[in-house]
Amino acid sequence: MADNYEMILTPEFRLSFPVLKEAKAFEDKGEPKFSVTMIFPKSADISELKRTVSEAIRKKWPKVATPEDVAKARIRNPILDGDERVDDWGEAYRNSVFLRASTTIRPDTLDKYREPLDPDEFYAGCYCRAVVHAFAYDTKGNRGVSIGIDGIQFVRDGEPLGNRAAVKGLFPGEEKPEDAPKKAADLF
């Protein structure tokens, strides 16, 4: 699919809901996909993303020329307002725009040096860039543009999203000896 569309490099974004190791079906329905949600500050220059979305609309629906036409035709835009999701998904979405990108083929996962990186190293809250493409769809009354992801690059660490770190203090613990193994695999 990507061969028919222009691939673009996104600006840096905050990663949310990464599904990069094993494809999963949304709510156990449909085709399993790899996916990410990209959170961009509203101040970010996402003009190339907007342009490629507009181009996908023009290719699929040549008579749809303006934002008003898009609204009248009920064509879904993949770029959404994060402020509308703060209550559901948290403060990371405040003053942002976000989009979900997916693919049925595992995207390349790279470190900041462009070397292959284990998909497990990507986590909700880290900062990334991605190579993506836009494509239009018109199926069973659903019309819109989706974003396909071809590759993702880890750029830098960030504060993890969600409540994962909050439970650490609830467990009893001991002081770790300096010679203690760092991982379970080190025991064998």
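What you see is a predicted model; the values in this text were computed from it and never measured.

I keep staring at the overall build of the protein chain and nothing clicks. Help me out?
A count of helices and strands for the protein chain gives 3 helices and 8 strands. In the protein chain, the order of α-helices and β-strands from amino to carboxyl end is β-β-β-α-α-β-α-β-β-β-β. Taken across its 188 residues, the protein chain has 35% of its residues classed as buried. The long-range share in the protein chain, meaning contacts at least 24 apart out of those at least 6 apart in sequence, stands at 68%. Element-wise, carbon and sulfur atoms account for 50% of the exposed surface of the protein chain, whose accessible area totals about 12,900 Å².

Could you clarify how one ought to interpret the pattern of salt bridges in this entry?
Where charged atoms of side chains with opposite charge meet at close range, the side chains can pair. A complete count under the given rule lists 11 salt bridges for this structure. Across the pair Glu48 and Arg51 runs a salt bridge, and its minimum N-O distance is 2.9 Å. Placement of both Glu48 and Arg51 in helix α1 (residues 47-60) is noted, with a separation of 3 residues, approximately one turn of the helix. Residue Glu48 is classed as partly exposed on the basis of its relative accessible area, which comes to 38%. In this structure, a network of salt bridges that share partners links the residues Glu6, Glu48 and Arg51.

Help me understand the side chain of Thr103, please; the structure alone is not making it clear to me.
Mapped onto the elements, Thr103 comes out in strand β5 (residues 96-103). Looking at Thr103, the relative accessible area reads 16%, which means it is buried. Ignoring anything within four residues of it in the chain, the contact list for Thr103 reads Lys33, Phe34 and Ile149.

How do you make sense of the environment of Ser146 when you look at a structure like this?
Inspection of the secondary structure puts Ser146 in strand β8 (residues 142-156). For Ser146 and Ala136, which are 10 residues apart along the polypeptide, the C-alpha to C-alpha distance reads 6.3 Å. Ignoring any residue separated from it by four or fewer positions in sequence, one finds Ser146 in contact with His133, Ala134, Phe135 and Tyr137.

Got a minute to help me understand the pairing of strand β7 (residues 127-139) in this structure?
Note that strand β1 (residues 8-9) and β7 share 2 bridges and pair antiparallel. Each bridged residue has a counterpart across the sheet, and for Ile8 the counterpart in β7 is Val132. The pairing of strand β2 (residues 13-26) with β7 spans 2 bridges and is antiparallel. Residue pairing in the sheet places Arg14 in a bridge with Tyr127 of β7. Pairing of β7 with β8, which is carried by 13 bridges, proceeds in the antiparallel orientation. When the bridges of β8 are listed, Thr139 appears paired with Asn142.

Parameters at a glance
Residues numbered from 1 in each chain as written. Predicted model: local features only at pLDDT ≥ 70, side-chain atom pairs only at ≥ 80, totals over all residues. Heavy atoms only, no water. Helix = DSSP H or I, 4+ residues; strand = E, 2+ residues; numbered from the N terminus. Buried < 20%, exposed > 50% of the residue type's maximum accessible area, 1.4 Å probe, protein only. Contact = heavy atoms within 4.5 Å. Areas by Shrake-Rupley, 256 points an atom, 1.4 Å probe, with all protein chains shown as cover. Salt bridge = Lys/Arg side-chain N within 4 Å of Asp/Glu carboxyl O. Pairing = 2+ DSSP bridges.

These figures come from the coordinates and say nothing about function on their own.
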